[in-house]
Structure formats: structure tokens, C-alpha cells
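So the chains spell out like this:
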Amino acid sequence: METIVRISLNIKIDGKHYRAKENQTILEAALANGLSIPHLCYDPRLKPGAKCGMCVVEVAGVSSPVKACKTKISDGMVVNTSTEALKDIRKRRLEEMFADHWADCIAPCTLACPAGTDVQGYIGLIAQKRYRDAIELIKQTNPFPGIIGRICTRPCEDACRRNLAGGSVSICWLKRFAADMDRLSDTHFKPAVKLPTGKKVAIVGSGAAGLTAAYYLAIEGHKTVIFEAMPQPGGMLRYGIPSYRLPKDILDDEINQLFELGVDIRTDHRLGRDLTLDELQSSYDAVFLGLGAQAGERAHIENDDIKGVIRGINFLRSVSLQGKVELGKRVAVMGGGNVAIDSARTALRLGVEKVYLIYRRTRDQMPANDLEIEEAEREGVEFIFLTSPIRVIGSDRVEGIECIRMALGDPDASGRPSIRPEPGSEFVLAVDNLITAVGQVVTAEGAEITLIGKTIGINVKTMQTTVPGVFAAGDAVSSPDVAIKAVAGGRRAAQIINQYLLSPPNWKVWSDGSPEAAHTINQYLTDDESSGLAKPFSAVRRGITKEDLDVPSTARTPMPELKLLKRQVLGNFTEIELGFSEEDALKEAQRCLECGCVKQNDCDLRNLAIEYEIEPNKNYEAMRHYKVDKSHPIVLRDQNKCIQCEKCVQICDEVVGVGALEYRKAENDIVPVGNIPLSETKCEACGQCISACPTAALVENKRKFEREFFWPPQVTPTTCTYCGVGCQLELNTDRTGKVFKVTTEPAESVNKGNLCGKGRFGYHFINHPTRLRTPLIRKGGGLVEASWDEALSLVAERFSKIKELYGPGAIGGRTSGRCTNEDNYVFQKFMRAVIGTNNVDNCARL
Amino acid sequence: MVGLAKAFGSGAMTNSIDDMLDASVIFAIGTNTTEAHPIIGFQIKKAVREYGAKLIIVDPRRIRLVDFADVWLQIKPGTNIALLNGIMNVILGEDLVDHDFIAQRTEGFEALKAILPKYTPDAVEKITGVPAEDIRKAARMYGAADRAIICYTLGITEHVTGTDNVLAIANLAMMTGNIGKRGAGVNPLRGQNNVQGACDMGGLPNVLPGYQRVDDNAARAKFEKAWGVTLPSKPGLTETDMMEKAASCELKAMYIMGENPMLADPDTHHVEQSLKSLDFLVVQDIFLTETAQLADVVLPAASFGEKDGTYTNTERRVQRIRKATEPPGNAKPDWQIISELSLAMGYPMRYNSAEEIMEEVGQLTPSFKGISYARLESGGIQWPCPAEDHPGTPILHTGTFTRGRGLFHEIEHRSSAEEPDSEYPLMLTTGRNLWHYHTRTMTGKSEGLNALAPHNWVEIHPNDAAKLGIVHGDMVAVESRRGRITATAVVTDTILQGLVSMPFHYADSPANLLTNRAADPVSKTPEFKVCAVKIEKA
Ligand code: SF4
Ligand code: SF4
Ligand code: SF4
Ligand code: SF4
Ligand code: FES
């Protein structure tokens, strides 16, 4: 070898001059100069395979792009690495790869969560019994897991893959479990608050959106004040959701955490009555409007303005405020959403003898939660489907309602069957009250801002209203929606307000250019935009079947409930769902299939997909579908994620010298040589292929949940503790201090980024439960636990005694090639200087 | 590593792992490198395949590296010296000797020369079982190379004749001038992460840190001054001696740190008897090992992931280890436990960190003078490193040998302490496997590694198996004069007829129950590699 690096050459990359060593490739020269050129198949340990095509660059004087990983530099070479043409080539290559990538980067549950909560992550943390950490992870996106864990409509559960094998994981109940555990713990999670910034933010409205925005703004160090019209904070959470679903103490506790963060809440302050937007603007650096949509819509049926007709939302609010509302013996509720169900069940609890729920469509089409519907049925609410009230009967108060039957017709634009009244089917229902729950609207009195229809208009990129410095989110922007969307909107607004406060507004960063664009309000909001959160890039395993999952079906762990029969409902507002026991939760967490990719945070391929803004490919039928191969005890193979870069084949041959993997051209596949199970090949289980793979096609075959869910993990460079080669490696530890992975950096070191199986996979002993934790002393034949003081004074006393009786030569010490130099040095010093003998030896020969 | 110290004046690997790529011939004797030192295995394969090096393997088993070898000398265990002398016989006969090197840098060649004539290839074939032609081929290959590197491990040292084996290797290297240059040298590959460091730090009965002899008054005086005590000048007991003296009740107490002699030492029954004869046994470890279970006091230590410090690798490279997590429960780093014990015995050692210890090492040890944690931040340093601005020493003995001139020794072939006989007709060698390490206290905790090699096995040649009516996969009993264990039979023609081989990692089937504690008279390394056994179906 003894390569003498003769001269260094001059090259120009993207307009700047650099020096590089002769014989380097363009890519090596760029990397050595701290520049990066995209690459997937380059590895300093391997000969250039030049398979992926990502490293293309333009070289002056060369007509077509060249691969930087295999093109040697020459003196005076001029290289361009990121022209539009090159970006296009790379983008097309990435798209090709994703056209055959049947895999999930992010778990479907996480993708489905409007707030983007890392569902898979917190389930994993619960499975590891790290409840506080689970709450910390949840609170990165949702500060109110105890509330949301009780009332969410659970889009995550609809998306959950477990639906194919026994029903979705009880995600929401797990979240609630973690929240309850954390709530009761002495060391419950408190976010770190940054140093005060000196900026002040006013938040109008203390519903889910306002509270969330306040939480995240306070963490950023801004002085945050909430103005609430009602006597107590919470908005719809307090006044729209009955306490048998969301107990007030849970609500209070989660709101109280804001006080710990220094948030001020001023209740009985109504915008337009007690304060104006102008006033707020003059004393605060930014204003956030989280007004909600709390005014019940009128049902528009004949004679609906007489006594005894109540809007659902007003009904619930009054019950909440006064504990009671006078009703007759028979009540009809009109509507199919959660407010309708809540009103019906609340009416029962107030002593109403007969509660009807009238809905114009079928049960399947009810927007309310299935579970809530079931509960209402069990409690005795009588459902009347495919029916619409058309007229209220009575002159000064309600005596009954006239209804008409509805018939189903052809599907409408949204795909739902249309409905039309069936003439002649009218009938009369004798009731004393009619509660209408047909929707809510925003009331933005006191704010001179532009509405679009019934909601506040904002720019979806800046979340700003037509008034500069005034932002909005939540139901007031999206029209009534689920609480978790308001949470998502509140957080997004907080992020933007934070940027707005910290740096002079450079609207270009988030809008499409001109300052005016920041205030241009968008007419139509898509579902994702209403929360304002951009979805992360993720490949998706569409079209998956039960067979693909390859797991046995297991049933959902049932939620322990307060079972209420009809007669027991009266006056009973205690929480119905009692919450999982720890045993239930751990069992349920095990049902999680860990759908999201283990490499989602450090996948070279995904990182490039994000950088090049690739759209996930939806054409799953054209993708190859493979079964994940877990047959080898160490190496897990998931060919769905393979991009055929052949690095694994190369490293196993070129570096390891084993050649256990091969590329089959005809099938464009990587397989163990001979297409037999890897464990039957010559594979040495070194894991070198795993270290080379740019994706998660080859990963360590681990137990479920054996990973860290916070990113990045703590990485400690150190030396291997096994053989005498002394390979350099990195221990990856999770928050609890558990070493869960060993990695390497291909650098100038004795092993150059290579490791053997022991070094790479032999780390489990570190946190093993059988490690010695405390000194032991032999007593009465057995070893019993002792304190350091006891143990050391015993040893000191015995050694001294023996030395005194028989001389220092009667004591021998065995030091160790397992311990450090420092340990060994101190050991021999002890033997020689303290005991006074040279009887010290080690296993050098063993 | 006594042999090398006698011949060269230093017992360490003379060259570096990277040197493999510069060698034109690699001579690997008694090292199943791909299993024991996989990364060096990678390096050897690379040297052979990409850098055109020739590879000579000496091993009774068809180890994986044989696939890459130009010559494979399938030797009968215990006959290394005969083979090496045979090779030297050919080199001498064909005048592949480096006369200048011998004249300028060595002494004692004439005496060696005198004993070689009788080791003709044909005579050696009879002793070793290696065809005479292969011996000649290997000799010419090694002798003609301008840079030839020798690597060896336990296969060489774990013999009654271990020291002699090493001296014979040193003879071969010096005779051909393969010392003191890149791509050459004599390189003992260390089995454990820090055996090198344990020796460097004075974990030996005859030397203080940095191989400063205990009977060297000046050296001792330096340490006495620094430590403020009077130090004993008489060399202490080796560990083999300690075991003997424990058994005979002359040694009363032992302090064992980080070792598990109950599995690692030969002749487990004897070890157990020795340890039980002690009045007082202290074991300091990270697990309750078989040895710790016999202790009077067990002290819980931090593992490498839980403390700062340094290891010295096989090529004398001092490298950092860093704390990645907290020790479990009340466990503490070894150095801290020892310091506290020392204090309890009235001698305070006031170290606040591992770094402070290394500073003291540097002050008292010339070869470590230039090594500091600050410098180690930018990578390991190979000792000797006598000054802050010294880059470290990748190759030893470049100008002169550590002892001045290299010393040849006349080494004659002797038979193993225990040869097979009619009662115990097979020879057993013990070794390591790729996935387990030493006594498995650590690798045994990884499910994946365990699944790869969960139980002990014994490799046996098909002809021997047939004679005994054993088929692949049978449970068999392996018995020696010292004990009996069971294992699964692996019938394979990669092993020499008459020989069986077992890994020594398994506590439930400890191969060292069978091995012989007859030790090399000089180095006291016990004879692990060879003992006589019989096998029958269990
Ligand atoms: S390998 Fe990468 S791109 Fe593929 S699913 Fe995993 S994270 Fe996504
Ligand atoms: S684990 Fe090692 S030997 Fe096995 S296939 Fe991967 S690189 Fe090859
Ligand atoms: S499995 Fe091999 S070919 Fe496929 S992406 Fe990983 S390294 Fe590349
Ligand atoms: S990784 Fe393997 S080869 Fe490297 S030091 Fe550790 S045990 Fe040795
Ligand atoms: S990095 Fe150059 S082609 Fe893959």
C-alpha cells in the first residue's frame, strides 16, 4: 500500500474552489471538503458500485452528467452538483425506487392523527413501561392526553392495521392510561420552559385551540394571557362535553398545567363586551383567536321558536353551568352527531322518562362515535332513523312534533346515498321538549376580521387573519370539528406565532412570496390544511391484507366500564369508562404491530425523498409484495424496502469475504446465495450488510419495542469490549440509559466502520437484569446483599488479618484483560503498595 | 508473551493490523482468525484478494481462511516446533536467509543453525503429518518474500511448549529479516480486549507498569517515591502458581477482578478445589459468575458502557472507552472500588476520574509519557509514545531491538504432555467460536447470538465418528482423565482424523473440565490446546 499522496489538486465545486487529493473521486473530494452530494450506494468501505444514480453531477466539458462516486477528479475540474437538470434526474430515480417500495415509513395511525402524534412511539413507550416518557412524547404534539384520550373520535384507530387481525389497537385508551398514570405519579412530566423572551401574546378563547396555543407559546418563553368569556376555562371541553365522558377534575388538572408554565387565564372576559381586538393588539405582540363555534345553529323547522325547543349546545352548557335544566317527561333530540348523543344521554340523567333520538339517515351514517351510540342505546335512548322533524306542535309550549319518514336514494356527490322525504309518511310524536343538535357556528363579535361563510378566514400557510399579527385556528376556522384538530391548529399557530415573534416577519419563509400573500386568505381549506400541519413524507403499504400481516388475530382488551342500566342513569354523571389497569394496558400495547419503519428517522432513502419532495407512490398494485423474512436470528430481511443498490452483496463479499448474498438480475432481487434461508448459507451474522444498507431492507432482528422512540438517541463513541482488535463503535442509549443499538462511523480507525457479530450485537449484557447491583457477603452459607461500607470493611479487615498472620505473600490478586488500563493500574498498585506483594497476574495467556 | 520478550525484548505485537495490506506473504499459525479476530480476518482476505498477498495457514482444522490460502499445512496439534524448524531447514538449505540482518541486528544464529539439519522436510512430515512438499512450498514462499508477516494466537501459546513455539517463530522471522519494517513482523493477536493493557499496566508478577522489572532497584525506587511506600522486590506468583498454592493452603486469600477462572482456566475441578481451599475470596465482576458464586465477598462492578477509561488493543494502540449509561444499582467502576478499599485499609488513593489515573501512569511509565486523554480524543495512540509530540510507534524494533540485538534460541521439538493412548485415543483441542466470547457471560445475554450457537458441540472426523458409531447430531460424552461432559457431535472432514475440537464457552458443558493444567515451564500458560480424550454416545 504505502500510497504516497503526492500533490493536491484544485477543483471547483458549485462555484467554489477546493483542494483535493489525487486519485479521489468527485464524491470523495466533496465529502472530504465537507460538501455533500446525494448518494445511496457509495460506502467508503466498498469499491464504487455506482448503482443508485443519485450522485450524478455535471462536469464542465463533459456532455452528459457523470456519477460522482466513480469519476476521478482531475486538476482544474469544474463540477456542478445541483442544477435543475440534475435535480430532475435524481427526482426521477427516487420516484422509480418508490414505485416499488411497498412499505410504511410512518405508521398509519400516526399519519391519521390530525395532530401528528407519534402513536406508534407512545405505544412502544407504554410497552416499555415508560409512562412519563410516553406522556412527554404525546405532549410534543398534544398537551392534553387525558382529555383527548377520553373524547377523541379516534381517526388513528380507523387507520390501525390491527383492524385486519382482531380489531384496532385501543390507541386512545392507551393514551388515556398513560395520562392517568402520569397524573397520579409524583414525578409527572413537566415540559422545560425557555427563558423569557419579553414578548406577550393574547389568546382569546380557552377551548382546545386556545389552550394548546398557550401551552406551546408558554414553553417558548412568551408571556401568554388567555381571555375567556365564560366563568371557567375549557370552552366546549367544559360546556359541551358531559362529565360522564370527561370528568371535570381531569379537565381542571390538564388546564392547571398551564399555570405551572406561567400562563395567565382571565375568565369572564368576552371579546366585544369586555375587551376589543384593538386593545389587545396595542398591548400584546400577537393575538390568537381560538373562538370556537359555540353558537347552536337553528334547525329551521316550522314553529321552532316556542318554549320547550332548545339548542343542544345551549342545553349542555346550561347543565354544565347550573347542574340542571327543566325538562318534561318526554324529550326528542334531533341530530346524529356527538352533541345529539350527549344531549340525549344528559336528558336521561336529568330524569326524563323517554328520550327519542331522531336522525334523518341510517345508523351507519351517524357522525357520532359508535361507542357513544351503543352506550346511549344501552341506557335506554330510543333511536328513530330515516326520520326528520318538520313541525313543532303546540302554541305556547311544545306538545309534540310532526315528523316525516325519509327514503334512501342514489348516492350523491360525496358518495353517501341521498335522502328524500316520503310524502304521506308524516306522523306525530308526543313530546314535551325538542332538543336540536344540527350544527354550530362561530360568533366573532368584536373582531373586525373577514369571515368566509360562517368561519374566520385565514391564510393556511401563515394562519394569519386579514389583520396582521392576528392569528386564528380551531373550530372558528374549520367549522365545528373534533377537538384533536383544534389541538393541531393551536400548535401550528403557536409555531408560527413563535417565528413571528422571534424574527421580524419574513413572510416569504412561509408564504408564497409577497408580503400581501401572507394576508391573502384562502377560500377553501382541505382537511389537512384546516389543522395547518404538513404531513411528513411516508411511503405507505396500501392494499395490505391479513395474510400479509402474518400475525394471529387477537381481540381488543375490553375497557372496564361503569355499566348503567336504564334505571341507574338518573342523576349519575360519574365517568363511565373506568380506564385500563396496567395489566390491560401492557397487554393491549402488545397488540401493536409496529407498522412504522424502524429506520424512519435515519433512512438515507427517505431523507432524500424529503429533500427532493417526492410524492408517495399510491400504485401499490404495481409494487412487488414480499413477506418479511425473520428466519435468521440476527438479520431481518424486508425486501419490500430494498432498492437493489447491492451494497450488502458487495460488503459481504468484498469486506467479509463470505459472499452469502447475491443479486439476481432476472428477478432484480437480492437473495441469500442459492435462494435458501440466510441461516443456511455461510453467513457469519456479522451484520456488516445491515450497516451498509441505506434503507431498512436489512436490519437487526430484534424483539418488539426494542428501540428508542425519541430521536436522536444518545450516541457514545467507545471501544469494543470483546476481542483485542479494539474496534471503534458507538453505543446508542435510550432515555432510560438502555443501550439498544451499536453503530459505527466508517472512519479512519482500526476497523474502519466494520464490526463483527459480537461487537455489533453483543450489547445486551449491559442492561441485563441479572447484572450485579449491590455488594454480596457470604453469611451462613449463602450470599446476602450488603452495603458498600459493610463489604469493604469486611474485605479490609480480612486482608489485613491474613497479611498480619501469614505475610503479604499469602494474598494473591488476579487482574484482568477485561478491565481498563486504569482499573488494572490501580489494581496492581493496590496489591503492591497496600498488600505489599507482587502476587498479581492476569489472564494474558488464557 | 514471554517468548517474544526473550527474543526481542518486548512481548507485544511488533507491527500493526494495517500492515497486512503491505505484506507479500501472510503466515498465520494457530489462529482461527475469522472466528477469534474477525476484523483481522477481513484484513487478511483483503490483502489476499486485493493486494495479491500469499497466505500460508498452519492449523489442524480446515478453518475458513483456508479457502483463501495458497498453502494449508494441516498439522498434528503439538508439533509446531518441528514444523517451524522444518521450514527453517529449507530456508537455510536454499539460502533464503537474510545474512545482513542476521549479522547486523541479531546474535546466537550459529547455535540455531546447528540444530536445524536434522529437521528435514521428510523427517518433519513424520512428526507433523504435513507433506514434505508442502513444507518446502511454504518455506520458499515465506523465505522469498520481501515482506512477510506472521500472526498467531492461542493455538501457539496454549501448549506446554508455548514459549518455545514463540521463540521458534521469532527465529524464523529474524532469520529472514522480517522484523522492523512495514508488512512484516511477529504478531501475537490478543484474544481479549485489554490483555495487552493488563500486562502494560503491570498486571504481572515480575514487572511494574511499562514492563519495569520489580527487581530493578531504580525502577522500584521511582514507584516507591511516587506511591510513598516500600515495594517488594521479589517477583510474585503467577496465576497457575497461585492456584497450586491455594490448593496446598499456602495462599490464604485471593482478590479476583473481572475473571471467571471456573470456566476459563483448565481443569475446572482443580480450580474449584483451589478456590474452596482459600480462607477468603473476593470477586469483583459485573455478573454473579461461577467463580463469584464461590466468593466470600462479591463486589459489583460497572461494565465498559458505564465508565470512562482506556483499552490497549493488540497492536499496542491505547483507545478511549466512554461512559454511555449509569451502572446498575450500586455498582461502581473497578478503579473506584479498589480506591475505596485501599482507603479502608489505610492507604488513600485520591483519584477523581480515570483520567487522573492515566496522568499518573504517564508520569511513571516512559512508554506512556506522551499519552493523555486530550490527545486520545482525536484517535488512539500506539505505545511507546515517550513524549507529548511523539506520534506513537506503529512498528517496533525498526533500528534496534528493544533488547539491543535480537536473540536466536535453539528450540527442539518435544511431545505434548499428554498424548493419546489406548484408553483415551483422541486428541482434544479447545477453541472459540465466532458468536461467543470467552465464558459467554456477555454474549450469552444476546438472544440473537445465543440462537446462533446455543449449546456446546464437538467436531469429529467422519472416520472417527464411523468407528464409534456416531452420527452427526448425536449427543456424545467426551471424557478425559479429569472429567466428563456431553455435547452434540458435529461430524466434519474439516478436522484432522484423530482430533476432536470443542469451544470452551459453555458453563453447562465446560470443556475446561477436561483440559490439562500442565503448564509451559516458562510462561506458565496451561496446555489448553491438547489433551487426550475418549468419546462415546451419551
Ligand atoms: S426503508 Fe426508508 S423509505 Fe422505506 S419505509 Fe423505511 S424509512 Fe421509509
Ligand atoms: S451478516 Fe455478514 S455474513 Fe451474513 S449476509 Fe450479512 S454481511 Fe454477509
Ligand atoms: S438489501 Fe442490499 S441491495 Fe437492498 S437496499 Fe439494502 S444494501 Fe441495498
Ligand atoms: S467488533 Fe468484533 S472484531 Fe471488533 S473488537 Fe469487537 S469483537 Fe473484536
Ligand atoms: S452513489 Fe454514485 S451511483 Fe450510487
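The preceding data block contains the structure.
Here the residue numbers are simple positions, counted from 1 along each chain's written sequence. As a convention, the first chain written is A and the first ligand written is 1, with the rest following in written order. Local features in this predicted model are restricted to residues whose pLDDT is 70 or higher, and side-chain atom pairs enter the listing and the counts only when it is 80 or higher, whereas totals over whole chains, interfaces and linings include all residues. Only heavy atoms go into the side-chain values, all of them from the structure, while hydrogens and water stay out.

Side note on the overall build of chain B
The cut-off we apply is this: For helices the rule is a DSSP run of H or I covering at least 4 residues; for strands it is a run of E covering at least 2, with both sets numbered from the N terminus onward. In this setup the radius of gyration rests on C-alpha atoms only. A globule is expected at 2.2 Å times the number of residues raised to 0.38. The contact criterion used throughout is that any non-hydrogen atoms of two residues lie within 4.5 Å. A positive count includes Lys and Arg, and a negative count includes Asp and Glu. His and the chain ends are not counted in either. Each charge is placed at NZ for Lys, CZ for Arg, CG for Asp and CD for Glu.
Assigned secondary structure in chain B consists of 20 helices and 21 strands. A compact globule built from 538 residues would reach a C-alpha radius of gyration of about 24 Å, and chain B, at 23 Å, matches this within 12%. Reported as C-alpha extents along the three principal axes, the dimensions of chain B are approximately 65 × 60 × 45 Å. Nonlocal contacts in chain B, meaning residues at least 24 apart in sequence, comprise 70% of its contacts between residues at least 6 apart. The centroid of the 53 positive side-chain charges in chain B is displaced by 2 Å from the centroid of its 66 negative side-chain charges.

Here's the deal with the overall build of chain A
For clarity, the threshold we go by: The cut-offs for exposure are 20% and 50% of the maximum accessible area for each residue type, with area from a 1.4 Å probe on protein chains only; residues under the lower value are buried, those over the upper are exposed, and the others partly exposed.
If you tally the helices and strands in chain A, you get 27 helices and 34 strands. The dimensions of chain A, computed from C-alpha atoms along their principal axes, are 110 × 85 × 60 Å. Within chain A, the fraction of its 846 residues that count as buried is 58%. Within chain A, residue pairs in contact and separated by at least 24 positions form 68% of the contacts whose partners lie at least 6 positions apart. The average position of the 107 basic charges and that of the 108 acidic charges among the side chains of chain A differ by 4 Å.

Some points on the sheet that holds strand E6 (residues 185–188) of chain B
All names here are of chain B. Applied cut-off: Strands pair, by our definition, only if DSSP identifies at least two bridges between them. To get an axis, fit a line to the C-alpha atoms, keeping to the stretch in contact for a helix; angles then go from 0 to 180 degrees between the N-to-C directions.
With parallel pairing, five strands are arranged side by side in an open sheet as E3-E2-E1-E5-E6. Each end of this open sheet is capped by a strand with a single partner; those strands are strand E3 (71–73) and E6. Here the average twist between neighbouring strands, direction ignored, is 15°. Relative to E3, helix H8 (residues 132–144) is tilted by about 125°, and along the sheet it contacts strand E1 (25–29), strand E2 (54–58), E3 and strand E5 (148–152).

Some remarks on the site of ligand 1
Under the convention used in this document: Being near a molecule or strand, for a residue, means having at least one of its heavy atoms within 4 Å of it. Think of it as three bins: nonpolar holds Ala, Val, Leu, Ile, Met, Phe, Trp, Tyr, Cys and Pro, charged holds Asp, Glu, Lys and Arg, and polar takes everything else, Gly as well.
The environment of ligand 1 is made up of 13 residues, and the closest members are His101(A), Cys105(A), Cys597(A), Cys603(A) and Ala696(A). Partitioning the shell around ligand 1 into residue classes produces seven nonpolar, three polar and three charged.

Quick look at the interface of chain A and chain B
Operational definition: Summed over both partners, the accessible area (1.4 Å probe) lost when two parts come together is defined as the buried area. The salt bridge definition used is simple: a Lys or Arg side-chain nitrogen within 4 Å of an Asp or Glu carboxyl oxygen. In the analysis that follows, any N or O atom pair within 3.5 Å is treated as a polar contact, provided that within protein one partner can donate a hydrogen and the other can accept it, and provided that, for residues neighboring in sequence, both atoms belong to side chains.
Across the boundary between the two partners, chain A contributes 108 residues, which contact 153 residues of chain B. Roughly 11200 Å² is buried in total at the junction of chain A and chain B, and carbon and sulfur atoms are behind 61% of that figure. On inspection of chain A and its partner chain B, the count reaches eight salt bridges. A salt bridge links Arg64(B) to Glu684(A), with the shortest nitrogen-to-oxygen separation between them at 2.8 Å. At the surface where chain A touches chain B, the tally comes to 61 residue pairs in polar contact (both at pLDDT 80 or more). Per-element tally for the side of chain A that touches chain B: the top contributor is helix H27 (residues 821–835) of chain A, with 14 residues. Classifying every residue of the side of chain A that touches chain B gives 50 nonpolar, 37 polar and 21 charged. Inspection of the sheet shows strand E33 (residues 811–814) of chain A paired to strand E9 (residues 253–257) of chain B by four bridges, in the parallel sense. Among the inter-strand pairings, Arg814(A) is bridged to a residue of E9(B), identified as Ile256(B).

Concerning the packing of H27(A) against helix H17 (residues 354–364) of chain B
Spelled out, the test is: Oblique is the label for any angle not under 35 degrees, not over 145, and not in the 65 to 115 range, which are roughly parallel, roughly antiparallel and roughly perpendicular in turn. For a crossing to be left-handed, the near helix must be turned anticlockwise from the far one by less than a right angle; the clockwise case is right-handed.
The geometry of H27(A) relative to H17(B) is characterised by a closest axis approach of 9 Å and an angle of 65° between their N-to-C directions. Comparing the axis directions of H27(A) and H17(B) gives the class roughly perpendicular. In the crossing of H27(A) with H17(B), the sense of the turn from one axis to the other is left-handed. Together, Asn821(A), Glu822(A), Tyr825(A), Val826(A) and Lys829(A) of H27(A) and Ala354(B), Ile357(B), Met358(B), Glu360(B), Val361(B) and Leu364(B) of H17(B) make up the contact between the two elements. Counted by class, the contact of H27(A) with H17(B) contains seven nonpolar, one polar and three charged residues.

Details of the nonpolar core
Going by this rule: Only buried Ala, Val, Leu, Ile, Met, Phe, Trp, Tyr and Cys residues count toward a nonpolar core, and they belong to the same one when joined by side-chain atoms within 4.5 Å.
Among the nonpolar cores identified, the biggest contains 129 residues, and Phe799(A), Tyr825(A), Phe830(A), Ile26(B), Trp227(B), Tyr255(B) and Leu299(B) are the most heavily contacted of them. By residue number, the principal contributor to this core is H27(A), which donates eight residues. When sequence neighbours within four positions are dropped, the list of residues in contact with Phe830(A) reads Phe799(A), Ile835(A), Tyr255(B), Ile338(B), Leu341(B), Ser342(B), Met345(B) and Met349(B). In this structure, Tyr122(A), Ala209(A), Ile219(A) and Ile456(A) belong to the second largest nonpolar core, which totals 97 residues.

Quick notes on helix H3 (residues 38–50) of chain B
Our working definition: One less than the residue count of a helix, multiplied by 1.5 Å, gives the span that helix is expected to have.
End to end, H3(B) covers 18 Å across 13 residues, agreeing with the expected 18 Å (1.5 Å per residue, within 8%). Burial analysis of H3(B) places 10 of its 13 residues in the buried class, which makes it a mostly covered element. Residues of H3(B) that are buried include every one of Pro38(B), Ile39(B), Ile40(B), Gly41(B), Phe42(B), Gln43(B), Ile44(B), Lys45(B), Ala47(B) and Val48(B), and no others. Against helix H23 (647–655) and helix H24 (688–692) of chain A together with E1, helix H2 (33–36) and E2 of chain B lie the buried residues of H3(B). Remark: Gly52(B) follows H3(B) within two positions and exhibits a positive phi of approximately 70°.

Thoughts on the pattern of salt bridges
Residue and element names in this part refer to chain A. Per the stated rule, a full pass over the model turns up 75 salt bridges over all chains. The residue Glu96 makes a salt bridge to Arg93 at a minimum N-O spacing of 2.9 Å. Highlighted residues: Glu96 and Arg93, both in helix H2 (residues 84–98), separated by three residues, approximately one helical turn. When salt bridges with common partners are traced through the structure, they connect Arg130, Asp133, Glu136, Glu708, Asp734 and Arg735 into a single cluster.

Comments concerning the sheet that holds strand E9 (residues 286–289) of chain A
All names here are of chain A. Overall, parallel pairing links the five strands, which are arranged E8-E7-E6-E9-E23 in an open sheet. Taken across any chain shown, the strands that pair with only one partner, and hence form the sheet edges, are strand E8 (264–266) and strand E23 (470–472). The mean angle between the axes of side-by-side strands here comes to 20°, regardless of whether they run parallel or antiparallel. Against the sheet, helix H9 (residues 208–219) engages strand E6 (200–204), strand E7 (223–227) and E9, with an angle of about 165° to E7. Along the sheet face, helix H17 (residues 483–502) touches E6, E9 and E23 and points at about 170° away from the line of E9.

Observations concerning the pairing of strand E32 (residues 782–785) of chain A
All names here are of chain A. Pairing of strand E31 (residues 776–779) with E32 involves four bridges; the strand directions are antiparallel. Paired with Arg778 across the bridge in E32 is Leu783. What sits between E31 and E32 in their antiparallel hairpin is a turn of two residues, with Gly780 showing a positive phi close to 55°.

Thoughts on the state of the cysteines
All names here are of chain B. We apply this condition: Pairs of cysteine sulfur atoms within 2.5 Å are what we label disulfides.
Counted under the stated rule, the structure contains zero disulfides over all chains. A disulfide-free cysteine, Cys385 has its sulfur positioned 20 Å from the sulfur of Cys199, the nearest such atom. For Cys385, a relative accessible area of 0% gives the class buried.

Here's the deal with the pairing of strand E19 (residues 484–491) of chain B
Residues and elements named next belong to chain B. In this sheet, E19 lies alongside strand E17 (residues 457–460) in parallel orientation, the contact comprising four bridges. Note on E19: the bridge partner recorded for Ile460 is Val491. Where strand E18 (residues 475–479) and E19 come together, five bridges link them in antiparallel fashion. Each bridged residue has a counterpart across the sheet, and for Met475 the counterpart in E19 is Thr488. In sequence, E18 turns back onto E19 through a hairpin of four residues.

Structural notes on the packing of helix H26 (residues 788–806) of chain A against helix H16 (residues 334–344) of chain B
Where H26(A) contacts H16(B), the axes come no closer than 9 Å and their chain directions differ by 60°. The angle between the axes of H26(A) and H16(B) places the two elements in the oblique class. Read as a crossing pair, H26(A) and H16(B) show a hand that is right-handed. Where H26(A) abuts H16(B), its residues Trp788(A), Leu792(A), Val795(A), Ala796(A) and Phe799(A) lie against Ile337(B), Glu340(B), Leu341(B) and Ala344(B).

Some details on the side chain of Gln464(A)
Its place among the elements puts Gln464(A) in the loop between strand E22 (455–456) and E23. A distance of 2.6 Å separates a polar atom in the side chain of Gln464(A) from the backbone nitrogen of Gly469(A).

Some points on unusual backbone geometry
Residues and elements named next belong to chain A. In the segment running from Trp711 into Pro712, the intervening peptide bond is cis, with an omega of -5°. Tracing the backbone through its elements, the reader meets Pro712 in the loop between strand E27 (698–700) and strand E28 (714–719). Positive phi is not limited to glycine here, since Gln644 has a value of about 55°. Looking at where Gln644 falls in the secondary structure, it is placed in the loop between strand E24 (635–637) and H23. A relative accessible area of 13% means that Gln644 is categorised as buried.

Shape is all these values report; function is a separate question.
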